[in-house]
Amino acid sequence: MKARVTVTLKTGILDPQGKAIEGALKSLGVDGVASVRQGKVFDIELAGADEAKAEAVLKEAADKLLANTVIENYRVEIV
């Protein structure tokens, strides 16, 4: 089974890397960029077929390792 965990900064948390990307896009001539927020994506393959168990395991992994829940949100998707 395949899953994706997407980690993004919470609203209101400054994103200097996103600002740097935004500036680089503008300097490359990419028009219409209003703002950029940077995040992380983890594509994970799991053994087994129990989606509910997989989601619970991945939420625990995100809470403990993949995301800093003080400043980041995460979303778990079974794909």
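Throughout, residues of each chain are indexed from 1 in the direction in which the sequence is written. In keeping with the predicted nature of the model, local features appear solely for residues at pLDDT of at least 70, side-chain atom pairs appear and are counted solely at 80 or more, and the whole-chain, interface and lining totals rest on all residues. No hydrogens and no water enter the side-chain calculation; it runs on all heavy atoms of the structure.

- Per an unreviewed UniProt entry, the protein goes by the name Phosphoribosylformylglycinamidine synthase subunit PurS and belongs to Bradyrhizobium neotropicale.
- UniProt positions are given in the numbering used here, feature names are shortened, and annotations may be inferred rather than shown by experiment. What UniProt states about the protein under its Subcellular location (unreviewed entry) heading is, verbatim, "Cytoplasm".

### A word on helix 2 (residues 51–66)
Here is step 1 of the chain: Taking 1.5 Å per residue as the helical rise, helix 2 with its 16 residues ought to reach 22 Å, whereas the 19 Å between its terminal C-alpha atoms falls clearly short.
Here is step 2 of the chain: By the burial criterion, the buried members of helix 2 are Ala54, Leu58, Ala62 and Leu66. Considered in projection along helix 2, the buried side chains sweep an arc of 75° and stay on one side of the axis. In helix 2, the exposed positions that point more than 90 degrees away from the buried face belong to Ala52, Lys53 and Lys64.
Here is step 3 of the chain: Only heavy atoms enter the contact rule, under which two residues are in contact if any of them lie within 4.5 Å. Secondary structure counts use DSSP, requiring at least four H or I residues in a row for a helix and at least two E residues in a row for a strand, with both numbered from the N terminus. In this structure, the buried side of helix 2 is in contact with strand 1 (2–9), strand 2 (39–45) and strand 3 (72–78).
Here is step 4 of the chain: Here a polar contact is recorded for every N or O atom pair within 3.5 Å, except that within protein the pair must consist of a potential hydrogen donor and a potential acceptor, and residues adjacent in sequence are included only if both atoms are side-chain atoms. Near the N-terminus of helix 2, the side chain that reaches the backbone nitrogen of Ala52, with its oxygen 3.2 Å away, is that of Asp50. To estimate how far a helix should reach, multiply one less than its number of residues by 1.5 Å. The classification of residues rests on relative accessible area computed with a 1.4 Å probe and restricted to protein chains. Under 20% of the type maximum is buried, over 50% is exposed, and intermediate values are partly exposed. To be clear, the arc concerns the directions from the helix axis to the C-beta atoms.

### Looking at the sheet that holds strand 1
Here is step 1 of the chain: Spatially, 2-1-3 is the arrangement adopted by the three strands of the open sheet, whose pairing is antiparallel. Here the strands that pair on one side only, and so sit at the sheet edges, are strand 2 and strand 3. When strand polarity is set aside, the average angle formed by the axes of neighbouring strands in this sheet is 15°.
Here is step 2 of the chain: We treat two strands as partners when DSSP finds at least two bridges between them. Where strand 1 lies against strand 3, seven bridges are found, and the strand directions are antiparallel. Of the residues in strand 3, the one forming a bridge with Arg4 is Glu77. Here the axes come from fitting lines to C-alpha atoms, over the contacting stretch only for helices, and the angles between their N-to-C directions go from 0 to 180 degrees.

### Remarks on the side chain of Asp15
Here is step 1 of the chain: Within the secondary structure, Asp15 is located in the loop between strand 1 and helix 1 (16–27).
Here is step 2 of the chain: Of the side chains bearing the opposite charge, Arg37 lies closest to the buried Asp15, which forms no salt bridge; the N-O distance is 4.4 Å.
Here is step 3 of the chain: Here the side chain of Asp15 touches Gly18 through a polar contact of 2.9 Å, landing on its backbone nitrogen.
Here is step 4 of the chain: Excluding residues within four positions of it along the chain, Asp15 makes contact with Leu9, Val36, Arg37 and Gln38. Charge convention: Lys and Arg are scored as positive, Asp and Glu as negative, and His as well as the terminal groups of each chain are ignored. In the sections that follow, a salt bridge refers to a side-chain nitrogen of Lys or Arg positioned within 4 Å of a carboxyl oxygen of Asp or Glu.

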